[in-house]
Amino acid sequence: MNYLACPKCHEPLQRIDKTYQCVNHHNYDISKRGYVNLLLNPDKAHNNPGDSKESLIARKAFLDQGYYDPILFECTNYIKAHSSQPLQILDLGCGEGYYTYRAKQELGNENTYYGLDISKEAINMATRYDKDIIWMVGNSKNIPVCDHSMDVIMALFTVVNKEELARCLKEDGYIIHVTANRNHLIEIKHLIYDEVKVKSDEHIRLPFNVLESYDFTKKISIPSHEDALNLLKMTPHYYHIKKEKRGILDTLPSLDVTIDLRITVYRP
Ligand SMILES: [Zn+2]
């Protein structure tokens, strides 16, 4: 049982063979790779929404090594401690799907998992992890799920729309929001920019009840050049580097970085 809804009319979608269909006969084909494209044409604001392919490949290669698993465990441990399964779990802005897939591994098969991202390329990659996750191309401003149908929404490093979060969550549901603090990957900023602009340490707050909110900091050592370069490539900073600094990256033997995040659990 899933709670997909039509992005045009918001009626529930029924799966009929290789298609999802609503009562108003809007049809969405399931791709060969097993995902469904629920992004409406007006939603396609950019030619290439989402991350670049180079960045996605680097991200997958880096995350697959498990360096960021401590962040995932903060989310899954909260869910284990506060919810009884089975749950409807949506990973918003799931990208290439690593966290969705690992959340399923950690929390088990009883729950229904949804991964949503605006990038078709990213969702296409995500299908390789697990065919039993509902992978959707869609817009986080028009989340294609039924009203008050989700128990948990995970939003890691992604832009959220507060009205949509409130609409999609069950009354006792919650969102786990992971955002970067000022010192997150500060070493990379020092490597790339001559001058590091310190942003305000005010983290993005949503106008909901806060169930829990804390800073999560950790040092991680990346012992290989390849992994270090992949981490650089998954950040926007890499694409801002000046030509004369490129050489530093080519010879970077390893990298120690600071993870500095705010983890907040909200209930609308
Ligand atoms: Zn419809």
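Structure: see above.
Residues numbered from 1 in each chain as written. Predicted model: local features only at pLDDT ≥ 70, side-chain atom pairs only at ≥ 80, totals over all residues. Heavy atoms only, no water.

This part takes up the coordination of the zinc ion. Taken together, the protein ligands of the zinc ion are Cys6 (SG), Cys9 (SG), Cys22 (SG) and His26 (ND1), with distances of 2.1 to 2.3 Å. Because the angles between the 4 donor atoms bound to the zinc ion fall within 98 to 118°, the donor set is best described as tetrahedral. For the zinc ion, the single-chain donor residues occur in sequence as C-x2-C-x12-C-x3-H. With a gap of 16 residues between them, Cys6 in the segment before strand S1 (14–16) and Cys22 in the loop between strand S2 (19–21) and strand S3 (27–29) connect regions that are remote in the sequence. The two residues Cys6 and Cys22 agree in class, both being buried. (Donors = N, O, S within 2.8 Å, 3.2 Å for Na, K, Ca; no water. Tetrahedral: all angles 85-135°; square planar, octahedral: opposite > 155°, others 65-115°. Helix = DSSP H or I, 4+ residues; strand = E, 2+ residues; numbered from the N terminus. Buried < 20%, exposed > 50% of the residue type's maximum accessible area, 1.4 Å probe, protein only.)

Summed over the entire model, instances satisfying the criterion amount to 0 disulfides. Left unpaired, Cys146 is separated from the closest cysteine sulfur, that of Cys168, by 9.1 Å. (Disulfide = S-S within 2.5 Å.)

Looking now at the packing of aromatic side chains. Enumeration over the complete set of coordinates arrives at 9 aromatic pairs. Ring centres of Phe62 and Tyr68 lie 5.4 Å apart, and the angle between their planes is 90°; this geometry places the pair in the edge-to-face category. Take Phe62: its relative accessible area is 0%, and that puts it in the buried class. Here a set of aromatic residues connected by ring pairs shows up, and it is made of Phe62, Tyr67, Tyr68 and Phe157. Taking NZ or CZ as reference, Arg246 lies 5.2 Å from the ring centre of Tyr238, over its face. (Phe/Tyr/Trp six-rings, centres within 6.5 Å; stacked < 30°, edge-to-face > 60°. Lys NZ or Arg CZ within 6 Å of the ring centre and 35° of its normal.)

Another point: the side chain of Arg262. For Arg262, the location among the structural elements is in strand S11 (residues 255–267). A polar contact of 3.0 Å, which involves the side chain of Arg262, links it to the side chain of Asp215. (Polar contact = N/O pair within 3.5 Å; in protein donor to acceptor, adjacent residues only side chain to side chain.)

The strand order across the open sheet built from 3 strands is S1-S2-S3, with neighbouring strands paired in antiparallel fashion. In this open sheet, the two strands that pair with only one neighbour each are S1 and S3. Neighbour to neighbour, the strand axes of the sheet diverge by 30° on average, direction disregarded. Sheet topology places S2 next to S3; 3 bridges connect them, and they run antiparallel. (Pairing = 2+ DSSP bridges. Axes fitted to C-alpha atoms, helices over the stretch in contact; angles between N-to-C directions.)

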